[in-house]
Amino acid sequence: MTVDVQGYNPRTGAPVGDAVAGTPTDEVDRVAGAAAAAFPAWSGLPATDRAGVLDALAAALDDGADELVAVADDETALGETRLRNEVGRTTGQLRMFADLLRRGLHVEAIISPADPAVARPDVRRMLVPIGPVAVFSASNFPFAFSVAGGDTASALAAGCPVVVKAHEGHPQTSVLVARILRGALAAAGVSEDVLGLVHGFDAGGALVRHPAMRAVGFTGSLRGGRALFDIAAARPDPIPFYGELGSVNPVVVLPGAARARARDIATEYAGSLTLGAGQFCTNPGLMFVPDDAALLAALAEAVRATSTGPMLSERIRDSYVDGAAGRDALPSLAEGAAGEGAWSVAPRVWQVDAATFAAGPDRFTEEIFGPAGLVVTYASVAELVSTLSHMDGSLTGSVHATEDEPDDAAAVAAALGPLVGRLIYNGWPTGVAVCWAMHHGGPWPATTASGHTSVGGTAIRRWQVPIAYQGWPQHLLPPELRDHNPLGLPRTVQE
């Protein structure tokens, strides 16, 4: 028996919109089968034509922005400004991948011509789409990491149909986005089954198990992601699972920066910590600072001045409250105020020294999703660098330094580098730019595959597999690999 999915207004805690029926197993089977049936035509469409479809999807979402924002605000309470910007981010992702396709950057064609002198055969390699993909929507981005988000955009760009498992926090938003996208696909002469949508907890497991699915993209909790990762690995034919799970995103402030910019650093930290009620995967959950009274006082003052809006769901609110309660025995640095809304919480920041952190890092490195932070004080840069070795993987690491401490900054970067996917200098982790070079990934538990990213141009690689052609005649090779390069693609040719 399936369970209906009901949306709620975080401002009031009351139901909003009609409940959406959970997807039964037989319907998951039908949707996944339809995606598989759509794969040959969609993957066989020339890349420039796929780019045109992506542009059409972006235009359709832009045209529907007013309705999308209104429905999403009812279900998330994220506010019109944030949501309208997020629609723009979402359509920008689609257009970025369209541009990438037109440039041929996704193919990564490599040609090693035959060389009799070393008995080397003619070998030519390129990337091709892996097949239908399952995508799990995130709670905190109802557009940019949801039905039309980066996982979907990159998979469609690769030539892979997508079946999305909608997030229970915004079911009506998911239905509306899917309706707009499927309508735009049909208007472009493409099968609507290139994009499917399922709802409900049980549908998620059934989707990962379905033999038509060839890879999975997931953004969410460590517990939920690990469960689905294990399902993907336990299949008779295990498939790649690209999960973004938990991250505390350490921020390091070096002594010179603490002396020069204490108040600015404190204000910026408090803003980053509480942005979106702290509901970002890049939230600065861990901060290492010198044992500097002026900086600690400024941090406390800045945090006490904060307040947040409601959290996205009652479950997320309860999880935050439980996680914060688990740190009640720690010294409190400061606490902000809970804002208006049924599911609002107060920002909280605790303080320990580096020796305490190093003695029991597992207590301090588990993510608390929300506006929660831990400040760790160090007595010397040597102690700081040693303490960082106790960290688990994260999406980001940030270093605040002055021009007068390059050696210390380099030492911290060397310590953080193996632990994170993005190193930030004199900046904050919240805010992930959509651009070709972005890497939004990191070692476990930040992600399940640290060599890949869920944001940026190379996000498309998750949905591609290499194939090499050895000794094939020109007329039987794909156009991308023929000598005269009829598509004009960038290629690497071995000398």
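Heads up: the structure comes first, above all this text.
Attention in this report is confined to the structure presented alongside it. (Residues numbered from 1 in each chain as written. Predicted model: local features only at pLDDT ≥ 70, side-chain atom pairs only at ≥ 80, totals over all residues. Heavy atoms only, no water.)

## Looking at the overall build of the chain
Within the chain, the secondary structure is distributed over 14 helices and 18 strands. By the compact-globule yardstick of 23 Å for 495 residues, the chain fits well, its C-alpha radius of gyration being 24 Å. Expressed along its principal axes, the backbone C-alpha trace of the chain runs to roughly 75 × 65 × 40 Å. Within the chain, the fraction of its 495 residues that count as buried is 55%. A sequence separation of at least 24 residues applies to 76% of the contacts in the chain between residues at least 6 apart. Per element, the accessible surface of the chain, about 19,600 Å² overall, is 54% carbon and sulfur. Looking at charge distribution, the chain has the averaged site of its 34 positive side-chain charges lying 5 Å from that of its 53 negative ones. (Helix = DSSP H or I, 4+ residues; strand = E, 2+ residues; numbered from the N terminus. Rg over C-alpha atoms; globule rule 2.2 N^0.38 Å. Buried < 20%, exposed > 50% of the residue type's maximum accessible area, 1.4 Å probe, protein only. Contact = heavy atoms within 4.5 Å. Areas by Shrake-Rupley, 256 points an atom, 1.4 Å probe, with all protein chains shown as cover. Lys, Arg positive; Asp, Glu negative; His and termini not counted. Charge placed at Lys NZ, Arg CZ, Asp CG, Glu CD.)

## A look at the packing of helix 2 (residues 47-63) against helix 4 (residues 80-103)
For any two helices packed against each other, the geometry comes down to the angle between their axes and how far apart the axes lie. It is at 8 Å that the axes of helix 2 and helix 4 come closest, and there the two elements cross at 170°. When the axis of helix 2 is compared with that of helix 4, the two are roughly antiparallel. For helix 2 against helix 4, the interelement crossing comes out left-handed. Here helix 2 contributes Ala 47, Arg 50, Ala 51, Gly 52, Leu 54, Asp 55, Leu 57, Ala 58, Ala 59, Leu 61 and Asp 62 to the contact with helix 4, which in turn contributes Val 87, Thr 90, Thr 91, Leu 94, Arg 95, Phe 97, Ala 98, Leu 101 and Arg 102. When the residues that make up the contact of helix 2 with helix 4 are grouped by side-chain class, the tally is 12 nonpolar, three polar and five charged. (Axes fitted to C-alpha atoms, helices over the stretch in contact; angles between N-to-C directions. Parallel < 35°, antiparallel > 145°, perpendicular 65-115°, else oblique. Left-handed = near helix turned anticlockwise from the far one by under 90°. Nonpolar A, V, L, I, M, F, W, Y, C, P; charged D, E, K, R; others polar.)

## Focus: the pairing of strand 7 (residues 241-244)
In strand 7, alternate side chains face the same way, and those of Phe 241 and Gly 243 on one face and Tyr 242 and Glu 244 on the other are all buried. Two elements, strand 6 (residues 215-219) and strand 7, share four bridges in a ladder whose sense is parallel. For Gly 217, the partnering residue across the bridge sits in strand 7 and is Tyr 242. (Pairing = 2+ DSSP bridges.)

## Observations concerning the nonpolar core
Ranked by internal contacts, the top residues of the largest apolar core, which has 87 residues, are Leu 254 and Phe 288. Take this core: its biggest share by element is eight residues, from helix 4. Setting aside its immediate chain neighbours within four residues, Leu 254 contacts Pro 290, Tyr 378, Val 381, Leu 384, Val 399, His 400, Ala 401, Glu 405, Asp 408, Ala 409 and Val 412. Counting residues in each nonpolar core, the second largest holds 24 residues, with Ala 257, Tyr 269, Leu 333 and Val 349 among its members. (Core = buried A, V, L, I, M, F, W, Y, C linked by side-chain atoms within 4.5 Å.)

## Let's talk about the sheet that holds strand 18 (residues 491-493)
What links the strands of a sheet is backbone hydrogen bonding, and the strands pair in either a parallel or an antiparallel sense. Read from one edge of the open sheet, four strands run 17-2-1-18, paired in mixed fashion. Strands with a single pairing partner mark the edges of an open sheet, and in this sheet they are strand 17 (464-470) and strand 18. Direction aside, the axes of adjacent strands within the sheet are offset by 20° on average. The pairing of strand 1 (residues 109-112) with strand 18 spans three bridges and is parallel. Bridge pairing links Ala 109 to Arg 491 in strand 18.

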